[in-house]
Amino acid sequence: MTSRTGFFILAAVLLLTALVCVGEGVQLIATGKPFGIGLGICAFIIPGIGVWFLRQTVRFGRTTEAMSRELEAEGGLPVDELRRTSGGRIDRASADEVFSKRQAEAEADPGDWRVWFRLAVAYADAGDTPQARKTMHHAIKLRSNP
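Now for a description of the structure that goes with this document. (Residues numbered from 1 in each chain as written. Predicted model: local features only at pLDDT ≥ 70, side-chain atom pairs only at ≥ 80, totals over all residues. Heavy atoms only, no water.)

**Considerations on the nonpolar core**
Threshold: Put simply, buried Ala, Val, Leu, Ile, Met, Phe, Trp, Tyr and Cys residues joined by side-chain atoms within 4.5 Å make one nonpolar core. In this scheme, a residue with accessible area under 20% of its type's maximum is buried, one over 50% is exposed, and one in between is partly exposed, where area comes from a 1.4 Å probe on protein chains only. Only DSSP runs of H or I reaching four residues or more are called helices, and only runs of E reaching two or more are called strands; each is numbered from the N terminus. The contact definition used throughout considers only heavy atoms, calling two residues in contact when any of these lie within 4.5 Å.
Ranked by size, the top nonpolar core spans 18 residues in total, and within it Met-67, Trp-113, Trp-116, Phe-117, Leu-119, Met-136 and Ala-139 carry the most contacts. Residue assignment for this core shows that the elements contributing at least two residues are α2 (34–74), α3 (92–108), α4 (113–125) and α5 (129–144). Per-element tally for this core: the top contributor is α4, with eight residues. In contact with Leu-119, not counting residues within four places along its chain, are Phe-99, Arg-102, Gln-103, Ala-106 and Thr-135.

**Remarks on the packing of aromatic side chains**
Basically, it comes down to this: Each Phe, Tyr or Trp ring (for Trp, its six-membered ring) is paired with any other whose centre lies within 6.5 Å, and the angle between the two planes then decides the class: stacked below 30 degrees, edge-to-face above 60, tilted in between. Placement of a charge over a ring requires the Lys NZ or Arg CZ to be within 6 Å of the ring centre, with the centre-to-atom vector within 35 degrees of the ring normal.
Following the criterion strictly, the structure yields two aromatic pairs and no others. Look at Phe-7 and Phe-8: their rings are 5.7 Å apart centre to centre, the planes differ by 65°, and that puts the pair in the edge-to-face class. We note Arg-133 situated over the ring of Phe-60; from NZ or CZ to the ring centre the distance is 4.2 Å.

**Focus: α5**
Short version of the rule: A helix is expected to span 1.5 Å multiplied by its residue count minus one. Directions pointing from the helix axis toward each C-beta atom define the arc.
Helix length check: α5 (16 residues) gives 22 Å between terminal C-alpha atoms against 22 Å at 1.5 Å per residue, within 8%. Along α5, the positions that sit buried rather than exposed are Ala-132, Thr-135, Met-136, Ala-139, Ile-140 and Leu-142. The buried residues of α5 occupy one face: seen down the axis, they fall within an arc of 160°. Away from its buried face by more than 90 degrees, α5 exposes Pro-130, Lys-134, Lys-141 and Ser-144. On its buried face, α5 sits against α2 and α4.

**A few points about the environment of Arg-118**
You can see Arg-118 is positioned in helix α4. For Arg-118, a relative accessible area of 15% gives the class buried. Put simply, Arg-118 and Arg-102 are 16 residues apart on the chain and 6.6 Å apart in space, counted from C-alpha to C-alpha. Once residues within four sequence positions are removed from consideration, Arg-118 is found in contact with Leu-71, Gly-76, Pro-78, Arg-102 and Glu-105.

**With respect to the pattern of salt bridges**
Here is the rule: Salt bridges are counted wherever a side-chain nitrogen of Lys or Arg sits within 4 Å of a carboxyl oxygen of Asp or Glu.
Evaluated as defined, the whole model comprises ten salt bridges. The salt bridge involving Glu-74 is made with Arg-114; its shortest N-O contact spans 2.7 Å. Here Arg-114 lies in helix α4 and Glu-74 lies in helix α2, a separation of 40 residues in the sequence. On the basis of relative accessible area, Glu-74 is assigned to the partly exposed category, the value being 43%. What you see here is one network of salt bridges that share partners, running through Glu-70, Glu-74, Asp-112, Arg-114 and Arg-143.

Written out as structure tokens, the structure reads:
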């Protein structure tokens, strides 16, 4: 199963769960009891947060996909120059080497979203997913505010 298929399955489960929670929330509020009303309100808020998070994730994915297509059209996608172990895993020293190169590019041209995109990919290759997402968000911000 691809990660995209897995994402859509989990998104569908989240939306179904949100609908069930909202339905239960309506029933809890209809009891008229203060505790039931409080729980019913929570049953509206918590799925709302989940749906908001899902929306943000979809927007992030679509934007990075569009950026990737734009870089590909320009011939600027990062080339996979990483060495791999016999098991197919990325060699850590190789990832650090590429990361250093990408970081130097970002420091040399801090206003170009393209170098930040490539740096985000290098962070992901090095195994630092939270920093990769943060860096990709920075690239998105630079792209939308030239």
